[in-house]
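# Residue-level structure breakdown
Residues per chain are reported as follows:
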Amino acid sequence: MNIFERIGTAQVILAVSLLVAGSNASASEITAVDDPLTLGQKIALMEKYDYINTFCEGRAEVRIHDEEYGYLFGFIDENGNEVVEPILNYASDFENGMAIIEYGVFWGVIDKNGYILIEPEYNAVGGWHEGMMTVVKSGLSGFYNDKAELVVPLEYTSAEPFREGYAMVEKDGKYGFIDKNGNVVIPLKYDRAGSFHEGLAPVCIGNKWGFIDKSGKVVIPMKYDVVEYFHNGGAIAMIKGKFGMIDKNGKTIAPFIYNNLVPGELNYCIKDYRLGFLDDNGKTVIPNKYECISFFSEGLVSIEVDGKSGYVNKMDEFVIPCQYDYAGNFEEGVAIVGNESGYG
């Protein structure tokens, strides 16, 4: 019988609490260590590390605090064995067997055993998007695939993550698109551009924006001063200082009468200093009648009437009356509210 079996579960929990109290780790950090480690392993590990993260793909990130460098990162396996010494300045969770690391001031990628897959020689790296990762060195960008192969050489001034199979890239001040093999599929001829969303990408020549499809065909003429990405078939655009919405054929679905339109769960609109919301089809959901309004969160939005705040739903129905001096956004079912007596 080991010591943990002899002293009992309750005293083990007490021992963990005392250990946490005497270390830099918090109670939430000790409980962040998930199975398969035993409680005894957790206690022993917390004597060595200042932080242990949850397991991801059989590895858990660990940290120790260094007076000169701050927190240094490493990894343990499911048996609590150290597989990557905590000497890294940063380490991401593992994804498909690879973790992004920062060593000194350079970035690279390691496997689960700490072997280098992509040498830490880059000034910056992006996360994985559609199996591709952006890397930047000496001001030039390229891409690695998820086999740690450099498939797009570092030749672009800037590059956006892959989306819908294409990545927007810039070279010599012009923008276009490449595929995952590095082939230029849409020539670099635009003054500005954005990523593909719902099969269309915003492009700009001069100061006017429109949209192209994946063949490079202009499907919505470049006549707008501002455009946003398409979402559920609708996109915000601006002409002559007024905002409206268009569909994928370029048809106006919300008139260009708004002082501002901001995309969100519903699209926040301002007209004549009054606030409301449109849906992605350009339909008015909440009329422009409020003087103060926030953004939708978890189906509710805080509004202000006669100096007091409350909440309405997406049908503009009051769910919580206007009775507060302050009403924050909901998060996980809870929102901070306040009045003269305080906040809660």
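Residues numbered from 1 in each chain as written. Predicted model: local features only at pLDDT ≥ 70, side-chain atom pairs only at ≥ 80, totals over all residues. Heavy atoms only, no water.

Looking only at helices and strands, the chain features four helices and 35 strands. Within the chain, buried positions represent 43% of all 344 residues. Restricting to contacts in the chain with at least 6 residues of sequence separation, those with at least 24 account for 24%. For the chain, the accessible surface area stands at approximately 17800 Å², while carbon and sulfur atoms represent 50% of it. (Helix = DSSP H or I, 4+ residues; strand = E, 2+ residues; numbered from the N terminus. Buried < 20%, exposed > 50% of the residue type's maximum accessible area, 1.4 Å probe, protein only. Contact = heavy atoms within 4.5 Å. Areas by Shrake-Rupley, 256 points an atom, 1.4 Å probe, with all protein chains shown as cover.)

The next subject is a nonpolar patch on the surface. Taken together, the side chains of Tyr326, Ile336 and Tyr343 present a nonpolar region at the surface, about 370 Å² in accessible area. In this fold, Ile336 is placed in the loop between strand 33 (326-327) and strand 34 (337-339). (Patch = residues over 30% accessible without salt bridge, like charges linked within 9 Å, V, L, I, M, F, W, Y side chains within 5 Å. Salt bridge = Lys/Arg side-chain N within 4 Å of Asp/Glu carboxyl O.)

To continue, consider the pattern of salt bridges. Side chains that differ in charge, positive against negative, can pair when their charged atoms come close. This model, assessed by the stated rule, comprises 13 salt bridges. In this structure, Asp316 and Lys289 form a salt bridge, with 2.8 Å as the shortest nitrogen-oxygen distance. Taken together, the residues span a long stretch of sequence, with Asp316 in the loop between strand 31 (308-312) and strand 32 (318-324) and Lys289 in strand 28 (residues 284-290) at a distance of 27 residues. Since its relative accessible area comes to 16%, Asp316 is described here as buried. The salt bridge partner of Lys308 is Asp325, with a shortest N-O separation of 2.7 Å. Placement of Lys308 in strand 31 and of Asp325 in the loop between strand 32 and strand 33 is noted, with a sequence separation of 17 residues between them. Exposure remark for Lys308: the relative accessible area of 31% places this residue in the partly exposed category.

This next bit is on the sheet that holds strand 32. Reading across from one edge, 29-30-31-32 is the order of the four strands in this open sheet, with antiparallel pairing throughout. What marks the edges here is a single partner per strand, and that holds for strand 29 (292-293) and strand 32. The pairing of strand 30 (residues 301-305) with strand 31 spans five bridges and is classified as antiparallel. By the bridge assignment, Val301 is partnered in strand 31 with Val312. (Pairing = 2+ DSSP bridges.)

Taken together, four strands build an open sheet; the order of strands is 5-6-7-8 and the sheet is antiparallel. Unpaired on one side and paired on the other, strand 5 (90-91) and strand 8 (116-122) mark the two borders of the sheet. Where strand 5 lies against strand 6 (residues 99-103), two bridges are found, and the strand directions are antiparallel. Across the sheet, residue Ala91 finds its bridge partner in strand 6, namely Ile101.

In this section: the confidence of the model for the chain. On average, residues of the chain score 88 in pLDDT, and 89% of them are at 70 or above. The model gives residues 1-34 a pLDDT under 50, and that stretch makes 33 contacts with residues more than four places away or in other chains. (pLDDT = per-residue confidence, 0-100.)

Let us now look at the environment of Glu198. Mapped onto the elements of the fold, Glu198 is located in the loop between strand 17 (192-193) and strand 18 (201-205). Once you skip the residues sitting within four places of it in the chain, Glu198 turns out to touch Glu164, Phe230, His231, Asn232, Gly233 and Lys248. At 2.5 Å, the side chain of Glu198 and the backbone nitrogen of Asn232 are in polar contact. (Polar contact = N/O pair within 3.5 Å; in protein donor to acceptor, adjacent residues only side chain to side chain.)

Next up on the list: the packing of aromatic side chains. Per the counting criterion, the structure on display carries 13 aromatic pairs. The rings of Tyr268, Phe277, Phe295 and Phe296 are connected pair by pair, giving a single aromatic cluster. Just above the ring of Tyr51 sits the side chain of Arg63; from NZ or CZ to the centre is 4.4 Å. Across from the ring centre of Tyr166, 5.7 Å away, lies the NZ or CZ of Lys214, which sits over that ring. (Phe/Tyr/Trp six-rings, centres within 6.5 Å; stacked < 30°, edge-to-face > 60°. Lys NZ or Arg CZ within 6 Å of the ring centre and 35° of its normal.)

A separate point is the pairing of strand 15 (residues 174-178). With four of its five residues buried, strand 15 lies for the most part within the structure. Across five bridges, strand 14 (residues 167-171) lies against strand 15 in antiparallel orientation. Across the sheet, residue Met168 finds its bridge partner in strand 15, namely Phe177. The turn joining strand 14 and strand 15, which pair antiparallel and follow one another in sequence, is formed by two residues; a positive phi near 55° is taken by Asp172. Counting the residues that bridge the hairpin from strand 15 to strand 16 (residues 184-190) gives five residues, and of these Gly182 lies at a positive phi of roughly 90°.

It is worth spelling out the side chain of Ser297 at this point. Structurally, Ser297 is set in the loop between strand 29 and strand 30. Separated by 2.4 Å, the side chain of Ser297 and the backbone oxygen of Phe330 make a polar contact. Sequence-distant contacts of Ser297, that is, excluding residues within four places in its chain, are made with Glu265, Asn329 and Phe330.

One non-glycine residue, Ala148, lies in the positive phi region at around 60°. Looking at where Ala148 falls in the secondary structure, it is placed in the loop between strand 11 (140-145) and strand 12 (150-156). On the accessibility criterion, Ala148 (18% relative accessible area) is buried. With a phi close to 55°, Glu198 is a non-glycine residue in the positive phi region. Taking relative accessible area as the criterion, Glu198 reaches 28% and is therefore assigned partly exposed.

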